[in-house]
Amino acid sequence: MTPAAFAGRDACAAITSFAGETMGTSWSLHAVSPPAGTMAGVQAAFDLVVAQMSQWEPESDLSRFNRAPAGEWRRVPAELAHVVSAALEIAAVSGGAFDPCLGDLTERWGFGSTGPVNAVPADGDEADRSIEWDAGASRLRRGEGAFLDLSGIAKGYGVDLAAEWLLGNGVRHFLLEAGGELRGEGIRPDGQPWWVDTETPPTSSAQPWRIALHDLSVATSGSYRRGFTVGDRHYSHSFDPRSGQPIVNGVSSVTVLHRSCMMADGWATALTVLGPDQGIALADARGLAASILRGDREFTSRAWRDMLG
């Protein structure tokens, strides 16, 4: 832990807790000496993400972009542009294992705004699923088959945006969580970091890790969380964008540690698709701290193992 964290510590300070709802899940905050208006400030940050990036809100910026004609440039808010830019970066580096343009796929498989389905959908067409990003003009345009779906990264960004509001309002020590994605800043008044346990699948005998979230974020992608069963086969909500099908690599859970909760969220999604061999190789190449569970077997990256010391 950094000396600066201890220098700003007040051993007599109180921790105040807050909670609310966002993005179809809940959020919680434990903050040391937060100012008045903290609840409203954090909720406003999450509400902004929903207003810009939700595929369930018909008038969100994302939904309006998806309804725009293919090939038409559309200006988008800075926050949405930032998340799309990060998503496209992860997509390129991961060889397409992460894809922010698969909204049509998630809708047809019943994991989007139209709700669940009870049958395996027919294969879709091969329409252009690309998104072009003009950074200078903060605008996007989509191919005929491209529909934004940022569910694999937007929640992490929401945590970052709310965390930046807290830091900007003088809150240096806090633990913030939304739907299982967490970011910890500073330390507790007793000098301890914010300790959290990683989430493991209920069917795995692997033991959870206990992590000190000191100026660090953690995100977990679990293929067991959502899905549906047809006959004797279970279909996961975790897609391989390259095949257009739910993953079949046996990965049940991926946890990534990163300074940015948005990047931890996006990379956890990508590594889930890549699987243990390719996923750990890419994590090592990128210096990512990652743990991948397949059944009861755990695979960890060099950066993850380095943190054990």
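Everything discussed here concerns the structure shown above.
Residues numbered from 1 in each chain as written. Predicted model: local features only at pLDDT ≥ 70, side-chain atom pairs only at ≥ 80, totals over all residues. Heavy atoms only, no water.

Undergrad: Honestly, the overall build of the protein chain in this entry has me stumped. Any pointers?
TA: A count of helices and strands for the protein chain gives eight helices and 17 strands. Every one of the 309 residues in the protein chain was classed for burial, and the buried ones make up 52%. For the protein chain, the computed accessible surface area is about 13,700 Å², with 51% contributed by carbon and sulfur atoms. (Helix = DSSP H or I, 4+ residues; strand = E, 2+ residues; numbered from the N terminus. Buried < 20%, exposed > 50% of the residue type's maximum accessible area, 1.4 Å probe, protein only. Areas by Shrake-Rupley, 256 points an atom, 1.4 Å probe, with all protein chains shown as cover.)

Undergrad: What am I meant to see in the packing of helix H6 (residues 154-168) against helix H7 (residues 261-286) here?
TA: When two helices pack together, their arrangement is given by the angle between the helix axes and the distance between those axes. Contact pair H6 / H7: the axes reach a minimum separation of 7 Å and the direction vectors enclose 170 degrees. Classed by the angle they form, the pair H6 and H7 counts as roughly antiparallel. Two packed elements cross with a definite hand, and for H6 against H7 that hand is right-handed. On H7, the residues touching Ala154, Lys155, Gly156, Tyr157, Val159 and Asp160 of H6 are Cys261, Met262 and Asp265. In the contact of H6 with H7, the residues fall into five nonpolar, one polar and three charged. (Axes fitted to C-alpha atoms, helices over the stretch in contact; angles between N-to-C directions. Parallel < 35°, antiparallel > 145°, perpendicular 65-115°, else oblique. Left-handed = near helix turned anticlockwise from the far one by under 90°. Contact = heavy atoms within 4.5 Å. Nonpolar A, V, L, I, M, F, W, Y, C, P; charged D, E, K, R; others polar.)

Undergrad: Teacher, can you tell me more about the sheet that holds strand S7 (residues 181-185) here?
TA: Consider a sheet: its strands pair through backbone hydrogen bonds, and that pairing is either parallel or antiparallel. Taken in spatial order, the eight strands make up an open sheet running S1-S2-S6-S7-S10-S15-S16-S17, and their pairing is antiparallel. The outermost strands of the open sheet, each flanked by one partner alone, are strand S1 (15-22) and strand S17 (297-300). Taking the axes of each pair of neighbouring strands and ignoring which way they run, one obtains an average angle of 10 degrees across the sheet. Relative to strand S15 (residues 251-258), strand S10 (residues 216-222) runs antiparallel, the two sharing six bridges. Bridge assignment links Gly222 to a residue of S15, and that residue is Ser253. Against the sheet, helix H2 (residues 38-53) makes contact with S1, strand S2 (25-32) and strand S6 (174-178), and its axis sits at roughly 30 degrees relative to S1, the strand it touches most. On the sheet, H7 packs against S7, S10, S15, strand S16 (289-294) and S17 and is oriented at approximately 125 degrees with respect to S15. (Pairing = 2+ DSSP bridges.)

Undergrad: For this particular structure, what's the right way to read the nonpolar core?
TA: Side chains that are nonpolar tend, in soluble globular proteins, to be buried together. One finds Met53, Leu148, Leu150, Ile153, Val256, Trp267 and Leu271 to be the most contacted residues of the largest nonpolar core, which totals 44 residues. Among the secondary structure elements, those contributing two or more residues to this core are H2, helix H3 (61-67), helix H4 (78-93), H6, S15, H7 and S16. Looking at this core, the element that brings in the most residues is H7, giving twelve residues. When near neighbours in sequence (up to four residues on either side) are disregarded, Leu150 contacts Met53, Leu62, Leu80, Val83, Val84, Ala87 and Pro100. Trp27, Ala31, Ala45 and Val171 belong to the second largest nonpolar core, which has 16 residues in total. (Core = buried A, V, L, I, M, F, W, Y, C linked by side-chain atoms within 4.5 Å.)

Undergrad: Would you mind going over the packing of aromatic side chains with me for this structure?
TA: The geometry of an aromatic ring pair is captured by the separation of the ring centres together with the interplanar angle, meaning the angle of the planes. Under the definition given, this model contains two aromatic pairs. Where Trp209 meets Trp304, the ring centres are 5.8 Å apart and the plane angle is 75 degrees; that geometry is what we call edge-to-face. Residue Trp209 is located in the loop between strand S8 (194-197) and strand S9 (210-213), and its partner Trp304 is located in helix H8 (residues 302-307); the two are separated by 95 residues in the primary sequence. For Trp209, a relative accessible area of 26% gives the class partly exposed. Exposure remark for Trp304: the relative accessible area of 3% places this residue in the buried category. (Phe/Tyr/Trp six-rings, centres within 6.5 Å; stacked < 30°, edge-to-face > 60°.)

Undergrad: What am I meant to see in the packing of H2 against H4 here?
TA: The geometry of H2 relative to H4 is characterised by a closest axis approach of 9 Å and an angle of 75 degrees between their N-to-C directions. When the axis of H2 is compared with that of H4, the two are roughly perpendicular. On H4, the residues that touch Leu48, Gln52 and Met53 of H2 are Glu79, Leu80 and Val83. Classifying every residue of the contact of H2 with H4 gives four nonpolar, one polar and one charged.

Undergrad: What am I meant to see in H6 here?
TA: Every α-helix carries 3.6 residues per turn, so stepping three or four residues along brings you back to the same face. Taking 1.5 Å per residue as the helical rise, H6 with its 15 residues ought to reach 21 Å, and the 21 Å between its terminal C-alpha atoms agrees with that figure. Those residues of H6 that fall on the buried side of the exposure criterion are Ala154, Lys155, Gly156, Tyr157, Gly158, Val159, Asp160, Ala162, Ala163 and Leu166. Note on H6: the residue one or two positions beyond its end, Gly170, has a positive phi of about 85 degrees. (Expected span 1.5 Å × (residues − 1).)

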